[in-house]
Amino acid sequence: MASAVRAGRRLRRAAEGGELAGLPAGLRAELRAALASEGALVPFGLLRSLHAALREAGSPLHLHELLEGSEIHLPEVPVPPRNPELVARLERIKAKLANEEYRRMTRNITGQETNGTLAEFGRQVRSVKAVVITIFNFIVTVVAAFACTYLGSQYVFAETAARVLSAVIVASVVGLAELYVMVRTLEGDLGKL
């Protein structure tokens, strides 16, 4: 926190000249001593005394005129030494965070070679396998919907033609819904490639 002012030319000139002759001798001597000190630092307490003395003497000079060109002195704040335990702990935390970030960046990288013909064949087999499973799932779902409707409609319809027709309608609706879901899924998978 500031506690002094670095004197400017105007304050030095007033102290060395006769402008402050009407002030008490002790105050003038104290002001000259402060101006002669290293850095010409004038403490705030001395400035308050100077201000009060100028008012009492009825001087035409005002303190703000004397302080023209002066600067507030801000002392350097001493930096406390760092605790070695804290520094070691911070280094361990930084290393841990760096390792976690490295693991996160490299988690989907494998050391296997993926540019050979066998790797390409494996990718194609997985792709064909996914399509075959999807088609098999579609067929099983449609057949199961047909069978459930055919067997369940025997309590509603007595004739076989009505039972088959209702089973075909339900199986068609289920097939269209399954086809819609399958197309959306394949579209999403193709978007990832």
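Residues numbered from 1 in each chain as written. Predicted model: local features only at pLDDT ≥ 70, side-chain atom pairs only at ≥ 80, totals over all residues. Heavy atoms only, no water.

What about the overall build of the chain?
In terms of helices and strands, the chain carries seven helices and three strands. The order of helices and strands in the chain, counted from the N terminus, is β-α-α-β-α-α-β-α-α-α. Against the 2.2 N^0.38 benchmark of 16 Å for 193 residues, the chain shows a C-alpha radius of gyration of 47 Å, more extended than a compact globule. The principal-axis extents of the C-alpha atoms in the chain amount to approximately 130 × 50 × 30 Å. Counting over 193 residues, the chain shows a buried share of 18%. Across the chain, contacts joining residues at least 24 apart in sequence account for 59% of those joining residues at least 6 apart. (Helix = DSSP H or I, 4+ residues; strand = E, 2+ residues; numbered from the N terminus. Rg over C-alpha atoms; globule rule 2.2 N^0.38 Å. Buried < 20%, exposed > 50% of the residue type's maximum accessible area, 1.4 Å probe, protein only. Contact = heavy atoms within 4.5 Å.)

Here we look at helix H1 (residues 9–16)
Among all positions in H1, only Arg-10, Leu-11, Ala-14 and Ala-15 are buried. Down the axis of H1, the buried set is contained in an arc of 130 degrees. They therefore lie on one face. In H1, those exposed residues whose orientation departs by more than 90 degrees from the buried face are Arg-9, Arg-13 and Glu-16. Buried residues belonging to H1 abut helix H2 (25–36), strand E2 (41–43), helix H3 (44–57) and helix H4 (63–66). (Arc of directions from axis to C-beta.)

Overview of the packing of H1 against H2
Orientation of H1 relative to H2, taken along the N-to-C sense of each, is 135 degrees, at an axis distance of 10 Å. Considering the angle they form, H1 stands oblique to H2. You can see that H1 and H2 cross each other, and the crossing is left-handed. Seen from H1, the contacting residues are Leu-11, Arg-12 and Ala-15; seen from H2, they are Leu-31, Arg-32 and Leu-35. (Axes fitted to C-alpha atoms, helices over the stretch in contact; angles between N-to-C directions. Parallel < 35°, antiparallel > 145°, perpendicular 65-115°, else oblique. Left-handed = near helix turned anticlockwise from the far one by under 90°.)

Observations regarding the sheet that holds E2
Taken in spatial order, the three strands make up an open sheet running E2-E1-E3, and their pairing is antiparallel. Among the strands making up the open sheet, the edge pair consists of E2 and strand E3 (71–73). When strand polarity is set aside, the average angle formed by the axes of neighbouring strands in this sheet is 40 degrees. Where strand E1 (residues 4–6) lies against E3, three bridges are found, and the strand directions are antiparallel. The residue bridging Arg-6 from the neighbouring strand is Glu-71, located in E3. H3 rests against E1 and E2 of the sheet, and its axis sits at about 70 degrees to E2. (Pairing = 2+ DSSP bridges.)

Re the side chain of Thr-149
Here Thr-149 shows up in helix H6 (residues 117–152). A distance of 2.8 Å separates a polar atom in the side chain of Thr-149 from the backbone oxygen of Ala-145. Setting aside anything within four residues of it in sequence, one finds Thr-149 in contact with Ser-166, Ala-167 and Val-170. (Polar contact = N/O pair within 3.5 Å; in protein donor to acceptor, adjacent residues only side chain to side chain.)

Concerning the packing of H2 against H3
At a minimum axis separation of 11 Å, H2 and H3 run at an interaxial angle of 140 degrees. Along this stretch, H2 crosses H3, giving a crossing that reads as left-handed. When H2 is examined against H3, the residues Leu-27, Glu-30, Leu-31 and Ala-34 are found in contact with a partner set consisting of Leu-46, Ser-49, Leu-50 and Ala-53. Split into classes, the residues belonging to the contact of H2 with H3 amount to six nonpolar, one polar and one charged. (Nonpolar A, V, L, I, M, F, W, Y, C, P; charged D, E, K, R; others polar.)

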